[in-house]
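Chain and residue survey
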Amino acid sequence: MSSILVFCSVQDGRIKRSSLEAMSRAREVASEAGLSLSAAILGSESGNLSSEAMSYGAEQVFTVSNPVLDSHLNAPALSALESIIREASPRMMVAASTESVKDILGALAIRCDAAVLPDVATFEMSGNQVACQRPVMAAKKLASTSSAHPLVFVSVRSGSYEASRSPVSGTVTDVPFSFDDATLRQALREVVTTASDTVDLSEARVVVSAGRGVRDESGRALVQELADITGAAIGASRAVVETGLFPATAQIGQTGKVVSPDLYFAVGISGAVQHTAGMANSRIIVAINKDADAPIFDIATYGLVGDCFTILPLLNAALKEAKD
Ligand SMILES: Cc1cc2nc3c(=O)[nH]c(=O)nc-3n(C[C@H](O)[C@H](O)[C@H](O)COP(=O)(O)OP(=O)(O)OC[C@H]3O[C@@H](n4cnc5c(N)ncnc54)[C@H](O)[C@@H]3O)c2cc1C
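These lines cover the structure that appears in this document, whether it is placed above or below. (Residues numbered from 1 in each chain as written. Predicted model: local features only at pLDDT ≥ 70, side-chain atom pairs only at ≥ 80, totals over all residues. Heavy atoms only, no water.)

Next up on the list: the pattern of salt bridges. All chains considered together, the criterion is met by 14 salt bridges. D262 is the salt-bridge partner of R205, the closest N and O atoms lying 2.7 Å from each other. Of the two residues, R205 is situated in the loop between β12 (171-174) and β13 (206-210) and D262 in the loop between α6 (238-242) and β15 (263-267); the sequence distance between them amounts to 57 residues. Given the relative accessible area of 27%, R205 is considered partly exposed. Salt-bridge contacts for R238 lead to E242; the nearest nitrogen and oxygen are separated by 3.1 Å. One end of the pair is R238 and the other is E242, both in helix α6 and four residues apart, which spans about a single turn. In this structure R238 comes out as partly exposed when scored by relative accessible area, which is 46%. Assessed through its relative accessible area of 59%, E242 is described here as exposed. Three or more residues joined by partner-sharing salt bridges are found here, namely R17, E21, E162, R205, D262 and R283. (Salt bridge = Lys/Arg side-chain N within 4 Å of Asp/Glu carboxyl O. Helix = DSSP H or I, 4+ residues; strand = E, 2+ residues; numbered from the N terminus. Buried < 20%, exposed > 50% of the residue type's maximum accessible area, 1.4 Å probe, protein only.)

Structural data, given as structure tokens:
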């Protein structure tokens, strides 16, 4: 039986939430289309993660456990995935739209003669077509795209689907793979991560995001306090990244990260289209802005009109009390 193969991105020894979301949707599509569900996991810990993939419905898990894959370099990842695709012969490969997937998907498609539908918000199979909807024009519109190619790669935006378990007892196939390190033309010098006590922005269920209205260190401290109380990752608009108040890694939007948490606080952010392109898919948006006509209120679920230096201390105190 042909399959839908889900490439599982791994971070800190776990399959990323965004991959599990994509896998949960792939399971539904596979079941509707009469296909089986399989998973691809790379890296020296791939064997240990097979059972996690099975708990989300993967009937067959293909692993390549060579440690060269722990380095997050494109060349070995490309070769390993190509080997798995040749072994698995799937009808479709689905992956979370992470930065590393964006890096390799085009090259992988050329190697495997596949069509690519990248960065989609929805996907389904309709007859022999894979049909997707993809946010375009800074997420103002959804474009419908489809492909009837025999092999289609789909990358799915984080937060587009819920991750849900559906355990099966599957099989594991360790795919033979060798890679000559001497052919590498890149070297991994350093992995730069945000502080270990902070939450990963792209995987966070709650994001507190700061804009120009947050203004200075005292505003940043209030935002940090709200993030600590709610267990949130901290994001920022480009305006406050440019002032140096927040790091470039926190920028959300068209030229920053795309997030879709359950809860997004927009503090002192006007809601320019270049910012909302990166967060409009959030489930609940709480906007705090002193300008009642700020465009962010057009997409907010809840709006608090007022000075964030007045509102945040009250909100933080109330949330802390409720939590206690
Ligand atoms: C090609 C291009 C790409 C871009 N990419 C991005 C991107 O990826 N991400 C991004 O964010 N931007 C991006 N921008 C910039 C974007 O257009 C906006 O300039 C930016 O998002 C504005 O940030 P802001 O909302 O923080 O600031 P502003 O637009 O200045 O808004 C500040 C808001 O804070 C409110 N405010 C002020 N003081 C307070 C207070 N004390 N309490 C409560 N509210 C207060 C104001 O009423 C205002 O609404 C891009 C622009 C271009 C041209």
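From this point, the narrative continues.
This part is about the site of the ligand. By nearness alone, 25 residues border the ligand, and R212, S237, T255, S270 and N289 come closest of all. With respect to the ligand, the backbone of Q254 contributes an N or O atom lying 3.1 Å from an oxygen atom. Here the ligand has 980 Å² of accessible area as a free molecule, and 76% of this is covered by the chains. Looking at the shell around the ligand, the elements that each hand over two or more residues are α6, α7 (273-276) and α9 (308-323). (Near = heavy atom within 4 Å. Polar contact = N/O pair within 3.5 Å; in protein donor to acceptor, adjacent residues only side chain to side chain. Areas by Shrake-Rupley, 256 points an atom, 1.4 Å probe, with all protein chains shown as cover.)

Across the sheet, which stays open at both edges, the three strands sit in the order β8-β9-β10 with antiparallel pairing between neighbours. At either margin of the open sheet sits one strand with a lone partner, and together these are β8 (122-126) and β10 (141-147). Within this sheet the neighbouring strands show an average axis-to-axis angle of 25°, counted without direction. Bridging between β8 and strand β9 (residues 129-136) involves five bridges; their strand directions are antiparallel. (Pairing = 2+ DSSP bridges. Axes fitted to C-alpha atoms, helices over the stretch in contact; angles between N-to-C directions.)

Moving on: the state of the cysteines. For the structure shown, the criterion picks out zero disulfides. Residue C112 stays outside any disulfide, its sulfur separated by 17 Å from that of C8, the closest cysteine. (Disulfide = S-S within 2.5 Å.)

Applying the stated criterion across every chain, the model contains two aromatic pairs. Seen from their ring centres, F123 and Y161 are 5.9 Å apart, and the 85° between their planes marks the pair as edge-to-face. Separated by 38 residues along the polypeptide, F123 in strand β8 and Y161 in the loop between β11 (152-156) and β12 bring together distant segments of the chain. Considered together, F123 and Y161 belong to a single accessibility category, that of buried residues. Between F177 and F179 the ring centres are 6.3 Å apart and the planes differ by 15°, which places this aromatic pair in the stacked class. Residue F179 is classed as buried on the basis of its relative accessible area of 18%. (Phe/Tyr/Trp six-rings, centres within 6.5 Å; stacked < 30°, edge-to-face > 60°.)

This paragraph deals with the packing of helix α5 (residues 217-230) against α9. Running from amino to carboxyl end, α5 crosses α9 at an angle of 25°, the nearest separation of the two axes being 10 Å. As summarised for this structure, α5 and α9 are arranged roughly parallel, according to the angle between their axes. The handedness of the crossing between α5 and α9 is left-handed. For the pair α5 and α9, contact is made by S218, G219, L222, V223, E225, L226, D228, I229 and T230 and by C308, F309, L312, P313, L315, N316, L319, K320 and K323, respectively. Each residue belonging to the contact of α5 with α9 can be placed in one class, and the counts come to 10 nonpolar, four polar and four charged. (Parallel < 35°, antiparallel > 145°, perpendicular 65-115°, else oblique. Left-handed = near helix turned anticlockwise from the far one by under 90°. Contact = heavy atoms within 4.5 Å. Nonpolar A, V, L, I, M, F, W, Y, C, P; charged D, E, K, R; others polar.)

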